[in-house]
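Residue-level structural notes
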Amino acid sequence: MASMSISEATLLGFAAALGSGLLIGIERERRKGTGPARALGGVRTFALTALAGAVAKALQEPRLITVGALLIGALAVVAYWRRRGSDPGVTTGVALVVTYLLGVMAIEQPIAAAASAVVVTILLAGRRPLHQFSVRVLSESELRDGLTFAAAALILLPLTPDQSVPWLAGANPRRLWGLVVLFMALQAAGYVALRAVGARIGLAVSGLAAGFVSSTGTIAALGARSRLEPGMRNPCVAGAMFSSVATVVLLVLVVLAVCPAAFLSLAPSLGLALLVVIAAAFLSLRRQRDAVPAEPTKGRAFNLLYALGFAASLTAITAGVTFTSRYFGVTAAGLTAGLAGAFDVHAAAASTLSLAARGALPVADARLPVLVAFTANTGSKLVAAYGAGGRRFGTQVALGLVATAAATWVPLLWGF
């Protein structure tokens with residue numbers, strides 16, 4: 001843009017304004033109808049409106065721009081009043097005002113104006129699917145969850161202090177809340193995937209989605225279902241293994257979010273574990289192809305209490321690991337992380353990694369506690385599998401879980 005002359009830049013702006021008006025106008029032309037009850041404007045009206053905005057801006061007269069906007073707004077009001085008895089709506093009138101503003105914008109920012117025109121046209125053309133999604137697909141609880149997540153990510157997260165707090169055992173509140181938001185986002189993503197895919201791959205997708213909330217709890221629930229419905233054992237095993245895929249994926253994201261410097265040392269273990277658990281999951285999926293999958297139902301996109309509980313447990317575990325590492329050394333810190341990992345591997349790993357991130361623990365020494373926590377968590381899953389699902393279910397799940405846990409130690413034992 002810097003190499004263009006003024007006339008070239010102005011010409012490009014007028015071209016962007018005209019193109020924007022034509023694009024939006026074509027979409028409105030298809031919907032305005034015919035006869036006395038037709039809507040406000042079509043392709044010519046929108047094209048002229050965009051050019052009017054461009055002319056007003058090119059003349060460098062702010063008052064002219066304001067007068068033009070008022071006139072376009074008045075035109076939209078008059079058209080609305082004329083059709084007030086036939087469910088007129090305000091979309092076309094608002095689109096006309098937006099088109100005028102895009103014409104004004106195009107003189108100085110033609111690319112941004114053209115891109116905005118495309119977005120506006122997509123929104124206008126997507127009236128029916130957007131309406132169906134808002135009214136028929138999206139449930140009341142899902143809408144509340146979406147608003148809760150937006151508030152947590154866009155309001156609370158920027159306001160959270162970004163510094164270590166002594167009474168939180170030196171933890172960073174923004175980093176803690178960022179992990180809560182991350183967990184909520186992953187749970188919601190799994191839920192959306194389940195709703196989108198439907199019943200085609202059944203409990204495998206359900207297990208993967210639920211695994212982002214609690215893989216141990218998912219295995220216990222699927223085990224109980226397998227005991228009650230023996231014919232569903234293979235699908236339940238597939239769901240249990242896919243929930244363990246979520247465990248490894250979430251652990252990778254926790255490492256990257258809390259202490260990226262530790263990822264290089266943990267990458268061989270986590271990478272091999274991920275390959276093994278994915279292989280085990282797809283092998284179990286092949287065995288349940290002929291089973292009848294469960295229909296997904298509308299529910300909650302994420303578990304806020306779990307996310308908040310994760311933050312609380314993370315703070316407590318961080319305090320415990322900090323205390324043991326300070327007074328008893330790294331070995332004791334690893335034992336503490338292992339005990340905590342039996343309940344929540346991600347909270348245990350994040351507490352250890354947070355120490356490494358702020359220099360309270362050498363980055364290289366964070367690897368062992370994380371692997372201990374992962375192994376302890378595998379033990380909890382085995383207890384849940386055998387306890388809830390019985391010997392046959394537990395044995396099928398144990399093969400994949402034990403192989404995955406063993407894979408995390410192979411690189412360490414080989415010196416990688």
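Definitions and limits used
Residues numbered from 1 in each chain as written. Predicted model: local features only at pLDDT ≥ 70, side-chain atom pairs only at ≥ 80, totals over all residues. Heavy atoms only, no water. Helix = DSSP H or I, 4+ residues; strand = E, 2+ residues; numbered from the N terminus. Buried < 20%, exposed > 50% of the residue type's maximum accessible area, 1.4 Å probe, protein only. Patch = residues over 30% accessible without salt bridge, like charges linked within 9 Å, V, L, I, M, F, W, Y side chains within 5 Å. Areas by Shrake-Rupley, 256 points an atom, 1.4 Å probe, with all protein chains shown as cover. Salt bridge = Lys/Arg side-chain N within 4 Å of Asp/Glu carboxyl O. Axes fitted to C-alpha atoms, helices over the stretch in contact; angles between N-to-C directions. Parallel < 35°, antiparallel > 145°, perpendicular 65-115°, else oblique. Left-handed = near helix turned anticlockwise from the far one by under 90°. Contact = heavy atoms within 4.5 Å. Core = buried A, V, L, I, M, F, W, Y, C linked by side-chain atoms within 4.5 Å. Nonpolar A, V, L, I, M, F, W, Y, C, P; charged D, E, K, R; others polar. Expected span 1.5 Å × (residues − 1). Phe/Tyr/Trp six-rings, centres within 6.5 Å; stacked < 30°, edge-to-face > 60°. pLDDT = per-residue confidence, 0-100.

**Remarks on unusual backbone geometry**
- Phi angles above zero are rare outside glycine, and Gln60 is one such case at about 55°.
- Structurally, Gln60 is set in the loop between helix H2 (43-58) and helix H3 (62-82).
- For Gln60, a relative accessible area of 54% translates into the label exposed.

**Notes on the environment of Phe149**
- You can see Phe149 is positioned in helix H7 (residues 140-159).
- On the basis of relative accessibility, which here comes to 25%, the residue Phe149 falls in the partly exposed class.
- Note: C-alpha distance between Phe149 and Met184 (35 residues apart in sequence) is 7.1 Å.

**A look at a nonpolar patch on the surface**
- A contiguous nonpolar surface patch, about 450 Å² in accessible area, is contributed by Leu154, Ile155, Leu156 and Leu159.
- Mapped onto the fold, Leu159 is located in helix H7.

**Looking at the packing of helix H4 (residues 91-106) against helix H5 (residues 110-125)**
- Where H4 meets H5, the closest approach of the two axes is 8 Å, and the angle between their N-to-C directions is 165°. With respect to H5, the axis of H4 lies roughly antiparallel. You can see that H4 and H5 cross each other, and the crossing is left-handed. Residue-level inspection shows Thr91, Ala95, Val98, Leu102, Met105 and Ala106 of H4 in contact with H5, the latter providing Pro110, Ala112, Ala113, Ser116, Ala117, Val120 and Leu124.

**A few points about the environment of Val248**
- Relative to the helices and strands, Val248 resides in helix H10 (residues 233-258).
- Taking the relative accessible area as the measure of exposure, Val248 reaches 1% and is therefore buried.
- With 156 residues separating them along the chain, Val248 and Thr404 place their C-alpha atoms 9.4 Å apart.
- Look past the residues within four positions of Val248 in its chain and what remains in contact with it is Leu270, Leu274, Val277, Phe374 and Thr404.

**Brief notes about the nonpolar core**
- Counting residues in each nonpolar core, the largest one holds 43 residues, and the members touching the most others are Met241, Leu266, Leu353, Phe393 and Val397.
- Of all elements in the fold, only helix H9 (202-228), H10, helix H11 (263-286), helix H14 (345-357) and helix H15 (367-413) reach the threshold of two or more residues within this core.
- Residue contributions to this core peak at 12 residues, all from H10.
- With residues up to four places along the chain from it excluded, the contact list for Val397 reads Val237, Ala240, Met241 and Ala385.
- The next biggest cluster of nonpolar side chains, apart from the first, holds 13 residues, and it includes Ile24, Val104, Ala117 and Val120.

**Notes on the packing of H2 against H4**
- Between H2 and H4, the least distance of the axes is 6 Å, while the angle of their chain directions is 35°. As for how H2 packs across H4, the hand of that crossing is right-handed. Packed against H2, whose contacting residues are Thr45, Phe46, Thr49, Ala50, Ala52, Gly53, Ala54, Ala56 and Lys57, the element H4 presents Thr92, Ala95, Leu96, Thr99, Tyr100, Gly103 and Val104 at the interface.
- Classifying every residue of the contact of H2 with H4 gives nine nonpolar, six polar and one charged.

**Some details on H2**
- The end-to-end C-alpha distance of H2, which contains 16 residues, comes to 23 Å, matching closely the 22 Å that a straight helix rising 1.5 Å per residue would cover.
- For H2, the complete set of buried residues consists of Phe46, Ala47, Thr49, Ala50, Gly53, Ala54, Ala56 and Lys57.
- A positive backbone phi angle near 55° is found at Gln60, which sits one or two residues after H2.

**Quick word on the packing of aromatic side chains**
- By the definition in use, this model includes one aromatic pair.
- Here Phe242 and Phe282 contribute two aromatic rings whose centre-to-centre distance is 5.4 Å and whose plane-to-plane angle is 70°, an arrangement assigned as edge-to-face. Within this pair, whereas Phe242 is found in helix H10, its partner Phe282 is found in helix H11, the two being separated by 40 residues in sequence.

**Let's talk about the side chain of Ser243**
- Among the secondary structure elements, Ser243 is positioned in helix H10.
- Take Ser243: its relative accessible area is 0%, and that puts it in the buried class.
- The residues contacting Ser243, other than those within four sequence positions of it, are Gly207, Leu208, Gly211, Ser215, Thr218 and Ile219.

**Quick notes on the side chain of Thr49**
- Its place among the elements puts Thr49 in helix H2.
- Apart from the residues lying within four places of it in its own chain, the contact partners of Thr49 are Ile72, Leu96, Thr99 and Tyr100.

**Here's the deal with the confidence of the model for the protein**
- For the protein, per-residue confidence averages 77 on the pLDDT scale, and 72% of positions sit at 70 or higher.
- Averaged pLDDT values over the elements of the protein bottom out at 56 in helix H13 (residues 330-341) and peak at 91 in H5.
- In the model, residues 1-5 has pLDDT below 50 throughout and makes four contacts with residues more than four positions away in sequence or in other chains.
- Every residue in residues 290-296 is under pLDDT 50, and counting partners more than four places away or in other chains gives 14 contacts.

**Focus: the pattern of salt bridges**
- Applying the stated criterion across every chain, the model contains two salt bridges.
- One salt bridge connects Glu27 with Arg28, and the closest N-O pair in it is separated by 2.7 Å. For the pair formed by Glu27 and Arg28, the shared burial category is buried.
- The salt bridge involving Glu108 is made with Lys57; its shortest N-O contact spans 3.5 Å.

**Topic: the environment of Val254**
- Along the chain, Val254 falls in helix H10.
- Overall, the relative accessible area of 0% leaves Val254 in the buried class.
- Put simply, Val254 and His346 are 92 residues apart on the chain and 7.0 Å apart in space, counted from C-alpha to C-alpha.

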